[in-house]
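Residues per chain are reported as follows:
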Amino acid sequence: MDQDYLCISIPTELQQYTKIVSNINDNTEHPIKEVNTDFGVKLIKDDKGNLIHAAYYSESGELLKKIFYDGPTVSSIEHYRYNLLCSIEKYNNGKITRKTKFNRFRKPICIVNYEYNRKDQITAIRKFANDNRYEVEYGYDELMRVNSRIIKVNNNIVAEQRYRYDILDRIVEYKDENQTITVKKLNPKNELLSYSITDKVGNTIMIINKYLCSDYIGTEIELNGHKTTVCDKSYVDNIMLKKPFTSEDDLDLVMSKMIYKNNHERTSNIAPITKRTSNTDITNVVINENINISTKPLPISMRKLRLLQIA
């Protein structure tokens with residue numbers, strides 16, 4: 001934070017050592033106001049000078065978080081909102097092992113556990129919330145890339161996803177219980193030029209993205225031998241062919257899927273999704289799906305899932 005009368009800026013971590021003058025004298029027309037010292041970082045040490053924790057404050061003096069140390073390593077981090085504890089993260093050898101979130105009465109509302117292999121890669125994330133158990137387990141190939149995800153709810157497998165990479169570390173094949181996506185061709189920018197999708201009942205969709213002087217101009221879609229052309233750049237960026245990540249977001253996606261399913265069952269008589277009349281009719285598929293999103297507002301995580309289903 002800058003001091004107006006100084007020629008230099010005082011680093012935030014040294015602000016706590018600044019001497020403060022509360023008043024010059026009682027007769028001063030404009031006495032100097034006392035500065036709020038709860039700003040920046042405060043280091044709390046024991047009698048031997050060892051760091052116990054560091055507390056971080058906003059400019060208004062609101063406590064944001066506390067980082068606790070075990071010697072030189074972080075042992076836990078507490079996050080605050082409106083000066084109330086909202087979550088605690090536990091660490092071991094620099095890796096997060098548990099995250100607990102609290103309500104405003106400091107009661108746990110969910111617990112997330114992280115598991116690792118000997119190479120410090122996440123092998124499983126398990127979340128306990130709303131009396132349910134959500135899990136995602138990761139597999140790795142010989143080059144230590146995530147090549148599988150198994151997602152479970154209350155010990156029941158709800159999704160199995162498999163990935164295959166090329167020598168340039170790009171995903172060239174994706175499989176789950178509903179579909180297989182195979183990349184045929186990519187351009188130098190790693191954008192999808194062509195790929196195929198085969199669903200579990202045998203429908204085959206071929207996607208060919210067309211460019212003119214490096215500019216996208218349209219996509220040719222072929223379904224079971226029948227073709228049409230659309231102008232929608234989302235076909236160049238298929239979300240299912242993104243590299244899988246190892247984070248709590250995976251579990252949030254599963255939870256949003258369950259919520260969406262329950263919501264959809266309750267409101268199935270309102271604004272239903274238009275279905276194809278035959279396997280060869282692909283006209284207006286994307287348009288009808290998008291109308292369904294715009295007429296029924298959903299939380300962000302659920303909208304992300306809906307877009308994923310359309311992709």
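Overview of the structure. Source: prediction; values computed, not measured. (Residues numbered from 1 in each chain as written. Predicted model: local features only at pLDDT ≥ 70, side-chain atom pairs only at ≥ 80, totals over all residues. Heavy atoms only, no water.)

### What to know about the pattern of salt bridges
All chains considered together, the criterion is met by 18 salt bridges. Lysine 101 is the partner of glutamate 248 in a salt bridge, and the nearest nitrogen-oxygen pair spans 3.5 Å. In this pair, glutamate 248 sits in the loop between strand S17 (226-230) and helix H1 (249-266) while lysine 101 sits in strand S6 (residues 95-102), placing the two residues 147 residues apart along the sequence. Relative accessible area serves as the criterion here: at 8%, glutamate 248 is assigned to the buried category. Arginine 162 is the salt-bridge partner of glutamate 160, the closest N and O atoms lying 3.2 Å from each other. A residue is classified by how much of its surface remains accessible, and glutamate 160, at 34% relative accessible area, is partly exposed. Take arginine 162: its relative accessible area is 41%, and that puts it in the partly exposed class. A cluster of three or more residues bridged by salt bridges with shared partners is formed by Glu115, Arg126, Arg133, Glu135, Glu137 and Lys152. (Salt bridge = Lys/Arg side-chain N within 4 Å of Asp/Glu carboxyl O. Helix = DSSP H or I, 4+ residues; strand = E, 2+ residues; numbered from the N terminus. Buried < 20%, exposed > 50% of the residue type's maximum accessible area, 1.4 Å probe, protein only.)

### Examining the packing of aromatic side chains
Enumeration over the complete set of coordinates arrives at 2 aromatic pairs. Between tyrosine 211 and tyrosine 216, the aromatic rings sit 6.0 Å apart at their centres with planes inclined by 75°, giving edge-to-face as the arrangement. The exposure class of tyrosine 216 is buried, given its relative accessible area of 14%. Directly above the aromatic system of tyrosine 57 lies the positively charged group of lysine 42, at a separation of 5.7 Å from the ring centroid. Sitting over the face of the ring of tyrosine 56, lysine 65 holds its NZ or CZ atom 5.1 Å from the ring centroid. (Phe/Tyr/Trp six-rings, centres within 6.5 Å; stacked < 30°, edge-to-face > 60°. Lys NZ or Arg CZ within 6 Å of the ring centre and 35° of its normal.)

### Observations concerning the pairing of strand S2 (residues 51-57)
When strand S1 (residues 40-45) meets S2, the two strands line up antiparallel, connected through 6 bridges. Across the sheet, the residue bridging to isoleucine 44 is histidine 53, located in S2. Relative to strand S3 (residues 63-70), S2 runs antiparallel, the two sharing 5 bridges. Residue pairing across strands places alanine 54 opposite isoleucine 67, the latter belonging to S3. Linking S2 back to S3 in an antiparallel pair, the connection comprises 5 residues, with glycine 61 at a positive phi of about 90°. (Pairing = 2+ DSSP bridges.)

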